[in-house]
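Structure at a glance
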Amino acid sequence: MRTLCDACESAAAAVFCAADEAALCLSCDEKVHMCNKLASRHVRVGLANPSDVPRCDICENAPAFFYCEIDGTSLCLQCDMIVHVGGKRTHGRYLLLRQRVEYVVV
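These numbers come from a predicted model, not from an experiment.

**Details of the overall build of the protein**
Across its full length, the protein holds two helices and seven strands. The linear arrangement of helices and strands in the protein, starting from the amino end, is β-β-α-β-β-β-α-β-β. Counting over 106 residues, the protein shows a buried share of 28%. A total of about 7,100 Å² of accessible surface is found on the protein, and carbon and sulfur atoms cover 57% of it.

Rendered as structure tokens:
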């Protein structure tokens, strides 16, 4: 599933601007960031195709949904339940937003 543009709320977002904390489609990015010299300096990163989501580090097959900060691994639901039993249940785990970024010049 693609992230929608925060400005027009209809097109798929293609870039993320950290300064504006906004995901924008190319059309809105141009409108927002080309309107003045200051805005044009904002660093933006391209958003990757959602099919390029990270895979589970354990089974290497299923899409990863969780990141364990202690183990430093990305895990699918099934592997997360297998790995994080007993004392490992206390590991800080985070839901992956499944939105990769690509560092490209925009």
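**Things to note about the pattern of salt bridges**
As enumerated under the stated definition, the model contains three salt bridges in all. With its nearest N and O atoms 3.7 Å apart, the salt bridge here joins Asp71 to Lys88. Here Lys88 lies in the loop between helix H2 (77-83) and strand S6 (93-95) and Asp71 lies in the loop between strand S4 (66-68) and strand S5 (73-75), a separation of 17 residues in the sequence. For Asp71, a relative accessible area of 29% corresponds to the partly exposed category.

**Regarding the state of the cysteines**
Taken as a whole, this structure holds zero disulfides when the rule is applied. The cysteine Cys28 is free of any disulfide, with Cys25 supplying the nearest cysteine sulfur at 3.6 Å. Look at Cys28 and you get buried, because its relative accessible area is 9%.

**Quick look at the environment of Leu77**
Within the secondary structure, Leu77 is located in helix H2. Under the relative-accessibility criterion, Leu77 is labelled partly exposed at 47%. Once you skip the residues sitting within four places of it in the chain, Leu77 turns out to touch Phe65 and Phe66.

**A short note on the sheet that holds S6**
With antiparallel pairing, the three strands of this open sheet are ordered in space as S5-S4-S6. Here the strands that pair on one side only, and so sit at the sheet edges, are S5 and S6. Adjacent strand axes in the sheet meet at a mean angle of 25° when their direction is disregarded. Judged from the three bridges that link them, S4 and S5 form a sheet pairing that is antiparallel. Looking across to S5, one finds that Phe66 is bridged to Leu75.

**Some thoughts on the nonpolar core**
Cys5, Val15, Ala22, Leu24, Cys25 and Cys28 together form the largest nonpolar core, which totals six residues. Among residues more than four places away in sequence, those in contact with Leu24 are Cys5, Ala7, Ala13, Ala14, Val15, Asp29 and His33.

**Observations regarding unusual backbone geometry**
Unusually for a residue other than glycine, Glu21 sits at a positive phi of about 50°. Within the element layout of this structure, Glu21 appears in the loop between strand S1 (15-17) and strand S2 (22-24). A positive phi angle, near 55°, is found at Glu60, a position not held by glycine. Along the polypeptide, Glu60 turns up in the loop between strand S3 (44-47) and S4.

Parameters at a glance
Every chain's residues receive numbers from 1 upward, in the order its sequence appears when written. Reporting in this predicted model follows two pLDDT cut-offs: at least 70 for local features of residues, and 80 or more for side-chain atom pairs to be given and counted; totals over whole chains, interfaces and linings ignore these cut-offs and use all residues. Hydrogens and water molecules were not included; the side-chain quantities draw on all heavy atoms of the structure. The way it works is that DSSP assigns letters per residue, a run of H or I at least four long becomes a helix, a run of E at least two long becomes a strand, and they are numbered from the N terminus. Under the scheme applied here, a residue whose accessible area is under 20% of the maximum for its type counts as buried, over 50% as exposed, and between as partly exposed, the area being computed with a 1.4 Å probe on protein chains only. Accessible surface is estimated by sampling points in the Shrake-Rupley manner with a 1.4 Å probe; for residues, cover comes only from the protein chains shown. Salt-bridge detection follows one rule: a side-chain nitrogen of Lys or Arg within 4 Å of a carboxyl oxygen of Asp or Glu. The criterion for a disulfide is a pair of cysteine sulfur atoms lying within 2.5 Å. Note on contacts: a residue pair is in contact if any heavy atoms of the two residues lie within 4.5 Å. Here, any two strands with at least 2 DSSP bridges between them count as paired. Orientation is described by lines fitted to C-alpha atoms, with helices fitted over the stretch in contact, and by angles between N-to-C directions that extend from 0 to 180 degrees. By convention a nonpolar core is built from buried Ala, Val, Leu, Ile, Met, Phe, Trp, Tyr and Cys residues, the set being connected through side-chain atoms within 4.5 Å.

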